[in-house]
Amino acid sequence: MLIAEQRRISRDFKTILKSMVCLFREPTNLDYIYNLEDELRYTQASLLAVEWLKTQPEVSLLIQERYIAPYPDIEVLLQYPEDSLGYAYASYIKKSGFDPSFYRQIQV
């Protein structure tokens, strides 16, 4: 392994560890979750997962189109049957006071 690659891995690990420690100290601060997510996006495991997804024809098409799914309409999902996944998701989101569009926007 090249020295530059080892330094990058070390720097990435330190950044991930720092985000995790900060998140444990302030679990309601979403910036730490976003930072952690940003760092994990470029790990070897994540990159391998993306490469595998690109081999799946349906997923590959979505990647090529740069498809971004719309945010779920909680009120519509609450009209689904109570034993459905959509209803379970929407009722949990509403009961917990979550916002399904809370993620930081990223450039695609």
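Look a little higher up for the structure.
Now for a look at the structure at hand. Being a predicted model, the structure only gives us computed values, none of them experimental.

The next point concerns the pattern of salt bridges. Considering all chains together, one arrives at three salt bridges under this definition. One salt bridge in this structure joins Lys 54 and Glu 51, with 3.5 Å as the shortest N-O distance. Highlighted residues: Lys 54 and Glu 51, both in helix α3 (residues 44-54), separated by three residues, approximately one helical turn. Under the relative-accessibility criterion, Lys 54 is labelled partly exposed at 39%. Ionic pairing is found between Glu 75 and Lys 94, a salt bridge with its closest N-O pair at 2.6 Å. With Glu 75 in helix α5 (residues 74-77) and Lys 94 in helix α6 (residues 85-96), the pair connects residues that are 19 residues apart, well separated along the chain. Among the residues examined, Glu 75 registers a relative accessible area of 44% and is labelled partly exposed.

Three or more residues of helix α2 (residues 30-40) are buried, namely Tyr 32, Tyr 34, Leu 36 and Asp 38. Its side-chain oxygen 3.0 Å from the backbone nitrogen of Asp 31, Asn 29 forms the N-cap of α2.

Reading the values: rules and limits
- Residues numbered from 1 in each chain as written.
- Predicted model: local features only at pLDDT ≥ 70, side-chain atom pairs only at ≥ 80, totals over all residues.
- Heavy atoms only, no water.
- Salt bridge = Lys/Arg side-chain N within 4 Å of Asp/Glu carboxyl O.
- Helix = DSSP H or I, 4+ residues; strand = E, 2+ residues; numbered from the N terminus.
- Buried < 20%, exposed > 50% of the residue type's maximum accessible area, 1.4 Å probe, protein only.
- Polar contact = N/O pair within 3.5 Å; in protein donor to acceptor, adjacent residues only side chain to side chain.

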